[in-house]
Structure formats: structure tokens, C-alpha cells
Amino acid sequence: MTFQNLCAVPMFVFGLISQIYIYGGIGFLSPTFTLHMVNSYEGFDEFWVGIYFAMPAVTYIINTPLVPYWCKTFGRRKTLLYGSVLFCLSVYLIGTSPLLNLPDSPHTILFGTLLLGWSACMVTVPILPEMLHKIEHDLPSLKGDELN
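The structure displayed is predicted, hence computed values, not measured ones. (Residues numbered from 1 in each chain as written. Predicted model: local features only at pLDDT ≥ 70, side-chain atom pairs only at ≥ 80, totals over all residues. Heavy atoms only, no water.)

## Overview of the nonpolar core
Formed by 17 residues in total, the largest nonpolar core has its most connected members in Phe33, Met37, Phe44, Tyr52 and Ile109. Broken down by secondary-structure element, the contributors of at least two residues to this core are α2 (29–40), α3 (46–63), α5 (76–95) and α6 (106–138). Per-element accounting of this core gives the leading share, six residues, to α6. Beyond its immediate chain neighbours, meaning those up to four positions away, methionine 37 contacts Phe44, Val49, Tyr52 and Ile109. Formed by five residues, the second largest nonpolar core is a distinct cluster that contains Val67, Cys71, Cys121 and Met122. (Core = buried A, V, L, I, M, F, W, Y, C linked by side-chain atoms within 4.5 Å. Buried < 20%, exposed > 50% of the residue type's maximum accessible area, 1.4 Å probe, protein only. Helix = DSSP H or I, 4+ residues; strand = E, 2+ residues; numbered from the N terminus. Contact = heavy atoms within 4.5 Å.)

And the structure:
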């Protein structure tokens, strides 16, 4: 492996880590979220749990056509950074962290789930083009199928 090949590795590692924390963050909802919501809030049943679980998907779909606008306005790397920061904030909102003095209410958690899908889209959509751009830049000899 040459030095040029090693230059593309950090962007690949960043992309891999980004995908792991996005899917891990979304995956942590499955085993714990339903129990927390049903046991903590009066009148919260399976219907509302389903609505709360659907919100990240809805906001992901809504934000998907907007990601090219964010990338054009901020650039892909800043979009990834802003998406990562929003994702971390959404996890704090869903967990209603005492660190941020957030009220433990269904409204706070709902906003967190909405922000979870919105921010996940800002990370998962532009990461692959950014990784390919970095490889194209560092390894101009790769073209077409070889690059992909």
C-alpha cells in the first residue's frame, strides 16, 4: 500500500464510524424505547409507540430531497458535521438527559425522534459521495469501475 492509498483511509474510516453510530443510535430505540414509554407515561399505548417509531422515518424522507441543498449551501463535510451534532442532540432529547435539564415528557421525546431522522439523513446521504470524491482526489489514476 502506497502513501497515496493511505490518504484515502481516514475518510473511509470516518464514513464507517458515522454509519455505525447512526445505525447504532437508531437501533438502541428498539429494545428500550417501548418499555420506557409504556411504563412511564399514563395513556401511552402501542398505537402511540408506533407513531413515535415512525417519526424518524418520516423526517428522513422529508429531509432527503433537501440534502443536496444543505450540501450546496454548507458543503458535504459541514453537512456531515452538522448532521452529527444534531444526531447527538436528538439522542439527548430522546433520553431526556438530566445533563441538559430537559423535561422528561413525551413532547421532548417526540422532538428527539423527529430530529433523529432529520439528522441521520444529513449523515448517511452525503457520506458516500464524499468518500468517493476524496478517493478520486487522492488517487487520480482510479477511474470508472475501478473507483467504484
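So much for the structure itself; the text now carries on.
## Notes on the environment of serine 97
Relative to the elements of secondary structure, serine 97 occurs in the loop between α5 and α6. Not counting residues within four places of it along the chain, the set of residues in contact with serine 97 comprises Tyr92 and Leu102.

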